Protein chains: 2
Amino acid sequence: MTAPWQPTDGEHPRPRGVAFLLAQLGAHATGRFAERVGELGLTPPDIGLLRMIATSPGRSQQSLAADLGVVPSRVVTLIDNLDRKGLVERRRSPEDRRNHALHLTPEAERLMGEIWRVASAHEDDICSGLDESQREQLATLLGLIADRQGLTAGVHPGYRRPAHARRPDTSR
Amino acid sequence: MTAPWQPTDGEHPRPRGVAFLLAQLGAHATGRFAERVGELGLTPPDIGLLRMIATSPGRSQQSLAADLGVVPSRVVTLIDNLDRKGLVERRRSPEDRRNHALHLTPEAERLMGEIWRVASAHEDDICSGLDESQREQLATLLGLIADRQGLTAGVHPGYRRPAHARRPDTSR
DNA sequence: TATTGTTATACTCTATAACTATA
DNA sequence: TATAGTTATAGAGTATAACAATA
């Protein structure tokens, strides 16, 4: 009972192509990662922020917002969470007292080790069906696509407006 | 300035591994797809529902909810949208008048052709950096992971509770 | 009493806009 | 007047729970 628009469903037990598999696996990987870091009391966005601050301490919230492609007010919320948990400190910069220089607390520095362990376990879990050479092949192919699609290394588009946020025009 | 928890950032311009690339590309692919089908007045969830109904017409809302791993009340909303657009019909089943047998309207049948075209273009776009053999390789590798991770063919986990919906315990 | 679908409600995520302090 | 950050507010997406009709 193959509908005309369907690409010979019978021949392919898993009908959809690379794009669908990427979407499916991406959501799966994100969800599993969220579960794992959830045990540390963190969310995936938290991790990204911590990493960015660790990489260049003293950054302003505006600069984070710009790099992530989100609105500054969102960074306020995100940093508030980390601040409340005692993981990041907002230090008023003496030169320009308008902006907040962001720094990790000692506890956060310690946490980064945990996070790295969790991320490693996650990577191994996701790749568990593949041998070493397949793993490299895959990383290469994915890297090619990421470059071609113009994705910034290390910036998860999940920070930006999510997929179906914008309701399409209902007139059709 | 490589922090101790960082996997030699300098050596790898794109530091993260397969898991991160999957998450990143998955979100990207989903977003691009949403843009494309948005021009047809649809969202990615809509597409999935239409496909499931087209594949087995007469299904009940409960059965969809079960397959998608979502709560029945959500299917109500989703089907409401499609109903309002004149794409799906709820027919009271004569045997058990409690459930709604779902069917595509003729207009929806026609739309499926459009959708198929859009999905094809999307697939080509996502794979545009790869040659035919790389494309096959990639599909195979992704399929291996999907199987290993126990993902149901054709069911996007995005239907379920999204990544950071559940705020982790704030005590830590 | 159990099941299908629905409505009412609440919570989270996120953006927009108005506002404060500083420059 | 312009900029960094904040607060107030609103909208979309989704779950939970109470409810109606049917079995």
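Note that the structure is a prediction, hence the values are computed from the model and not measured.

A. Expanded view of the packing of helix 2 (residues 44-55) of chain A against helix 3 (residues 61-68) of chain A. Residue and element names in this part refer to chain A. Between helix 2 and helix 3, whose axes approach to 12 Å, the crossing angle comes to 120°. Taken as axis vectors, helix 2 and helix 3 run oblique relative to one another. Classified by chirality, the crossing of helix 3 by helix 2 is right-handed. On helix 3, the residues touching L49, M52 and I53 of helix 2 are L64, D67 and L68. In the contact of helix 2 with helix 3, the residues fall into 5 nonpolar, no polar and 1 charged.

B. Here's a closer look at the pattern of salt bridges. Residue and element names in this part refer to chain A. By the definition in use, this model includes 22 salt bridges over all chains. Between D125 and R36 there is a salt bridge, with the nearest N and O atoms lying 2.6 Å from each other. Linking D125 in helix 5 (residues 106-126) with R36 in helix 1 (residues 18-38), this pair joins segments that are 89 residues apart in sequence. With a closest N to O distance of 3.4 Å, R90 and D83 form a salt bridge. Judged by its relative accessible area of 32%, D83 is partly exposed. Through salt bridges with shared partners, a single ionic network connects R32, E35, R36 and D125.

C. Focus on the pairing of strand 2 (residues 100-104) of chain A. Residue and element names in this part refer to chain A. Counting buried positions along strand 2 yields 4 of 5 residues, so the element is predominantly enclosed. Bridge count between strand 1 (residues 88-92) and strand 2: 5 bridges; the pairing is antiparallel. Paired with R90 across the bridge in strand 2 is L102.

D. Quick peek at the relation of the copies chain A and chain B. Aligned on chain B, chain A shows an RMSD of 0.1 Å; the corresponding rotation is 180° and the shift along the axis is 0.0 Å. Taken together, the rotation and translation relating the two chain copies correspond to the operation of a two-fold axis. When each C-alpha of chain A is compared by its distance to the rotation axis, G26(A) comes out closest, at 2.1 Å. Comparing interface residues between copies, 98% of those in chain A also lie at the interface in chain B; the contact surface is shared.

E. Region of the structure containing the interface of chain A and chain B. Taken together, the contact pairs 80 residues of chain A with 78 residues of chain B. Taken together, the two surfaces of chain A and chain B that pack against each other cover about 7400 Å², and 66% of this comes from carbon and sulfur. Put simply, chain A and chain B have 0 salt bridges between them. The interface formed by chain A and chain B contains 14 residue pairs in polar contact (both at pLDDT 80 or more). Among the elements of the structure, helix 1, helix 2, helix 5 and helix 6 (132-148) of chain A are those that each provide at least two residues to the side of chain A that touches chain B. Here the side of chain A that touches chain B gets 16 residues from one element, more than from any other, and that element is helix 1 of chain A.

Parameters at a glance
Residues numbered from 1 in each chain as written. Chains lettered and ligands numbered in written order. Predicted model: local features only at pLDDT ≥ 70, side-chain atom pairs only at ≥ 80, totals over all residues. Heavy atoms only, no water. Axes fitted to C-alpha atoms, helices over the stretch in contact; angles between N-to-C directions. Helix = DSSP H or I, 4+ residues; strand = E, 2+ residues; numbered from the N terminus. Parallel < 35°, antiparallel > 145°, perpendicular 65-115°, else oblique. Left-handed = near helix turned anticlockwise from the far one by under 90°. Contact = heavy atoms within 4.5 Å. Nonpolar A, V, L, I, M, F, W, Y, C, P; charged D, E, K, R; others polar. Salt bridge = Lys/Arg side-chain N within 4 Å of Asp/Glu carboxyl O. Buried < 20%, exposed > 50% of the residue type's maximum accessible area, 1.4 Å probe, protein only. Pairing = 2+ DSSP bridges. Least-squares fit on C-alpha atoms with pLDDT ≥ 70 in both. Buried area = accessible area lost by both parts, 1.4 Å probe. Polar contact = N/O pair within 3.5 Å; in protein donor to acceptor, adjacent residues only side chain to side chain.

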